Amino acid sequence: LRYGIYLEREAEMITDSLRALLLEYAGYKTKIFEFISQEHTPKNSMIVAEKTASLTEEKKIEIVGKIEKAKAYFGIRHHHLETLLGI
């Protein structure tokens, strides 16, 4: 990670992964995919989320565990989406 471009890419992947997990916790089915716009800009990631039925408490606990584990591993104290989703 001493090369800035790789550090930036890792940060983007971690952020998008946390966003997807947080949306899943809030009851969304998520997909992440990469696309390149017609203007030939750099590759971008898009998160598509579809609201589904409420999750069971067991599933919510599982997802929170994944979120907390990822945050602890990467030294993340808080993600702004947690506040927005009331988590």
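Just above sits the structure.
Rules behind the numbers
Residues numbered from 1 in each chain as written. Predicted model: local features only at pLDDT ≥ 70, side-chain atom pairs only at ≥ 80, totals over all residues. Heavy atoms only, no water. Helix = DSSP H or I, 4+ residues; strand = E, 2+ residues; numbered from the N terminus. Expected span 1.5 Å × (residues − 1). Buried < 20%, exposed > 50% of the residue type's maximum accessible area, 1.4 Å probe, protein only. Arc of directions from axis to C-beta. Contact = heavy atoms within 4.5 Å.

1. Focus: helix 2 (residues 57-74)
With 18 residues, helix 2 should cover 26 Å at 1.5 Å per step; its first-to-last C-alpha distance of 26 Å lies within 8% of that length. Within helix 2, the full set of buried residues consists of I63, I67 and K71. Buried residues in helix 2, looked at end-on, bunch into an arc of 70 degrees, giving them a common side. Facing away from the buried side of helix 2 by more than 90 degrees, the exposed set consists of E58, I61, K69, A72 and Y73. Residues of helix 2 that are buried sit in contact with helix 1 (4-25) and helix 3 (80-85). Where helix 2 ends, the next residue or the one after it, G75, has phi of about 70 degrees, a positive value.

2. Observations regarding helix 1
Taking 1.5 Å per residue, 22 residues should reach 32 Å; helix 1 reaches 32 Å between its end C-alpha atoms and fits that length. Elements in contact with the buried residues of helix 1: strand 1 (28-35), strand 2 (44-51), helix 2 and helix 3. Downstream of helix 1 by one or two residues, G27 has phi in the positive range, about 100 degrees.

In short, the description is geometric, and any link to function would need to be established separately.
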